[in-house]
Every structure is written in structure tokens, then in C-alpha cells.
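Remarks on the overall topology
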Amino acid sequence: MITDIYSPLQELKYTGPVRLWVKRDDLIDPYISGNKWRKLKYVMARAIALNKLHLVTFGGAYSNHLLATAAAAARSGLKATAFVRGEVVENEMLLLCRLYGMKLIFSSREAYKNKRALFDSIFKEDPNAYFIDEGGASPEAVKGCAEIINELPPDVDHLFCAAGTGTTAAGLLKGIQQQKRNLQLHVVPVLKGGDFIAGEIYNYTRSVEQLHLHTDYHFGGYAKTPPELLHFMRNFTSEQGILLDPVYTAKLFYAMYDLIKKGHFSENSRIVALHTGGLLGLLGKKEELARIL
Ligand SMILES: *Cc1c(COP(=O)(O)O)cnc(C)c1O
């Protein structure tokens, strides 16, 4: 098992009224990417403690969570199976999952709606199988993400993160509360109608003080990547030498720069963006990227 994790903090080149850093969780591992490792760490520890050596989980065909689970399971000597949402497809992500030894079971969108029933349909009597929800969502995942706050310097004023389910954001807010940090958390949902994220976070933290939700940066919805976003991504990467993924972190960084430009932050604010990794998401946007590059 990988136990020690730590990622560097890198200052961005920026000539404005604030200072910007990136918490490089994308550097934790290329395949067990960023927040997916933070989320899996205690989930896997629990599975091992219960002597369940077969991880069973769920995700879409380009899910960073599936690849992270496949790679982390292989390194820890665990078996892994994934139910993949939708019709049978092949892509680079699933190829890597298979290389790591993960077994893939494609499931209709209808069947996928009830994950427990899917799990039970094959693993009900299997004492080794351990159910891990889509994206790893669980109290253990929140605990793992809360640890990110320990790694931030004490004088950070604002922390930004992208949200899909909001589990990572819940962990960050929990860490902020537990450590009584004077730090504002800015969450950028990458899907349309992201207001529900506040409720998801509240379920874990019971308080949403210090939370700021910025719901206008979904660019049309989950995995929607219009040219404006891809242009931003290319400019950022060529200027800073840091890759972003089009589904999560490109929207996050776009939002952060836009809010700074709109005067959202006082002068000399110290702002950190959490880079949650997921860079193989670039492979899912090959055609769109080719059109703008
Ligand atoms: C999964 C993922 C997220 C979203 O995390 P949640 O905990 O579901 O909100 C953010 N960034 C990247 C790169 C991801 O892969």
C-alpha cells in the first residue's frame, strides 16, 4: 500500500494584485490521480482491515476513479472489478484499467441506477468483495481529503477546488473546520445545476460557513468543453507548464482567474487552487483539442 502522500505547492507566474499557488495533487501519481487517491486511501485501508481483498466499484467509461482503483488495487495486491456505465466501448482509460488487472462489466444505464443491486447480482455471497461507491464517495473519502488542509501553509486565505460529487470539497471543508482555519473554500461545480453540492457538503460537515459555491462555470454541463475553455486551457498550460484536464481543473482555473479579474478578492490575498489530477481526461477530448490546436 502507498501510505505516505504529500504534494508540493507551486507558485504561479502572475502579475496581479493577489498571489496564486497550485497544490499539485496531480503529482501524487499519474494514474492514481490526485483526489482519487486521497479518497481511496482510507476506503482501501478499511477493506483490508475487514479482510476483503476484492474491490468492486462503479464508473463511466472515462472515469478517473476506475483507473485510480485499478492501479491502487494492483499495487496493494488486491483484486478489482468495475461496473462500467453504458454500452460496451473501448478507450485508453479502460485499456489501462485492464492492464492493471481490473475486470470490467458493462451495465445498461437502467441497471446502473441501482448499484447495490448490481453488486448483489454477482457478489452477494462473496465474502471477499468490498463495495466502493462511484467516485469512492464515503466518510473515509472525506477523511482522506481533509488531510490536504494539513499540508497547506497557515497564511492561505482562499482555497479553490472543482466538484463533481462534492466529496472532495466536503473533506476540505471538514479539514478547515477541524483545524479552525481562517480560510475560505471556493467550490466550482463542473456540472449544471451545481447548487446541490452545498447539500452534499452539508451532509458531511453540518455547517457550510466558509463555503462559497460558484455555479456559473460548468460550460454547458458535465464533460462539456466548448472552444473557449480549451483555448484557456492551452494558454494556461503553455504559460505555466502545468497540464490541466478539460473536465474538472480547466473549469476550476478558469473560474479562479475570472473571479480575480472581477475583483472578488482583496489585494494581497493568498489563493491556492487544488489540482486534483485527472489528466488522462485529455484523452477523452482528442478531437475537440485537435480542432483548436
Ligand atoms: C473526480 C474528480 C473531481 C471531483 O471530485 P468529487 O469529490 O467527486 O467532487 C475533481 N477533479 C478531478 C480531476 C477528478 O477526477
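Because the structure is a prediction, the values reported are computed rather than measured.

What about the site of the ligand?
Near the ligand, the surroundings consist of 14 residues, among which K36, K39, T165, T168 and T276 are the closest. T167 places a polar main-chain atom, nitrogen or oxygen, 3.5 Å from an oxygen atom of the ligand. At 2.6 Å, a side-chain N or O of T276 approaches a nitrogen atom of the ligand. Its free accessible area being 390 Å², the ligand has 97% of it covered by the protein chains. Of all elements in the fold, only α1 (34–49) and α7 (167–178) reach the threshold of two or more residues within the shell around the ligand. Residue contributions to the shell around the ligand peak at 3 residues, all from α1.

What to know about the packing of helix α6 (residues 139–150) against α7
Helices that pack against each other are described as a pair by the angle of their axes relative to one another and the distance between those axes. It is at 7 Å that the axes of α6 and α7 come closest, and there the two elements cross at 55°. It follows that α6 is oblique to α7 by the angle criterion. In this structure, the crossing between α6 and α7 has a hand that is right-handed. Judged by residue contacts, A141, V142, C145, A146, I148 and I149 of α6 engage T167, T168, A170, G171, L172, K174, G175, I176 and Q178 from α7. Looking at the contact of α6 with α7 residue by residue, the class counts come to 9 nonpolar, 5 polar and 1 charged.

Here we look at the pattern of salt bridges
Note that side chains of opposite charge can pair when their charged atoms are close. Summed over the entire model, instances satisfying the criterion amount to 18 salt bridges. Measuring nitrogen to oxygen at the nearest pair gives 3.7 Å for the salt bridge that ties R46 to E140. Of this pair, R46 sits in helix α1 while E140 is found in helix α6, placing the two residues 94 residues apart along the sequence. On the accessibility criterion, R46 (40% relative accessible area) is partly exposed. Two residues, K261 and D258, come together in a salt bridge whose shortest N-O distance is 4.0 Å. With K261 and D258 both in helix α10 (residues 249–261) and 3 residues apart, the pair spans about one turn of that helix. On the basis of relative accessibility, which here comes to 11%, the residue D258 falls in the buried class.

Regarding the UniProt feature "domain: Tryptophan synthase beta chain-like PALP" (unreviewed entry) in the protein chain
Within this structure's numbering, the places UniProt gives as "domain: Tryptophan synthase beta chain-like PALP" (unreviewed entry) are residues 8–277. Helix makes up 41% of residues 8–277 and strand makes up 19%, while its end C-alpha atoms are separated by 13 Å.

Concerning the pairing of strand β2 (residues 19–24)
The buried fraction of β2 is high, at 5 of 6 residues. Taken together, the 3 bridges between strand β1 (residues 9–11) and β2 define a ladder with antiparallel strand orientation. For E11, the partnering residue across the bridge sits in β2 and is W21. Where β2 lies against strand β10 (residues 270–275), 6 bridges are found, and the strand directions are parallel. Bridged to W21 within β10 is V272.

Describing the environment of R75
Within the secondary structure layout, R75 lies in helix α2 (residues 64–76). For the pair R75 and Y100, spaced 25 residues apart in sequence, the C-alpha separation works out to 8.9 Å.

Quick word on unusual backbone geometry
Although it is not a glycine, K180 adopts a positive phi angle of roughly 50°. K180 gets classed as exposed once you look at its relative accessible area, which sits at 74%. With phi around 70°, N268 is a residue other than glycine that occupies positive phi space. Mapped onto the fold, N268 is located in the loop between α10 and β10.

Calculation criteria
- Per chain, the residues get numbers from 1 upward, laid out in the order the sequence is written.
- It should be noted that, the model being predicted, local features are given only for residues of pLDDT at least 70 and side-chain atom pairs only at 80 or more, the latter also being counted only at that level, while totals for whole chains, interfaces and linings use all residues.
- To get the side-chain values, all heavy atoms of the structure are used, and hydrogens and water are removed first.
- Only heavy atoms are used to decide nearness, and a residue is near a molecule or strand if one of them lies within 4 Å of it.
- Polar contact is the term for a pair of N or O atoms within 3.5 Å; when the atoms are in protein, one must be able to donate a hydrogen and the other to accept it, and sequence-neighboring residues count only if both atoms are side-chain atoms.
- Only the protein chains shown count as covering a residue, and every accessible area follows the Shrake-Rupley method with a 1.4 Å probe.
- Secondary structure elements follow DSSP: runs of H or I of four or more residues count as helices, runs of E of two or more count as strands, with numbering from the N terminus.
- Only C-alpha atoms enter the line fits that serve as axes; for helices the fit covers just the stretch in contact. Angles between N-to-C directions range over 0 to 180 degrees.
- Each angle is binned into one of four classes, with values under 35 degrees roughly parallel, values over 145 roughly antiparallel, values of 65 to 115 roughly perpendicular, and all other values oblique.
- By convention, the crossing between two helices is left-handed when the near helix turns anticlockwise from the far helix through less than a right angle, and right-handed when the turn is clockwise.
- Throughout, a residue-residue contact means that at least one pair of heavy atoms, one from each residue, lies within 4.5 Å.
- Classes in brief: Ala, Val, Leu, Ile, Met, Phe, Trp, Tyr, Cys and Pro nonpolar; Asp, Glu, Lys and Arg charged; the others, Gly included, polar.
- Within this document, salt bridges are pairs made up of a side-chain nitrogen of Lys or Arg and a carboxyl oxygen of Asp or Glu, the two lying within 4 Å of each other.
- Think of it in three bands: residues with accessible area under 20% of the maximum for their type are buried, residues over 50% are exposed, and the middle band is partly exposed, with areas taken using a 1.4 Å probe on protein chains only.
- UniProt positions are given in the numbering used here, feature names are shortened, and annotations may be inferred rather than shown by experiment.
- Strands are treated as partners if at least two bridges between them are detected by DSSP.

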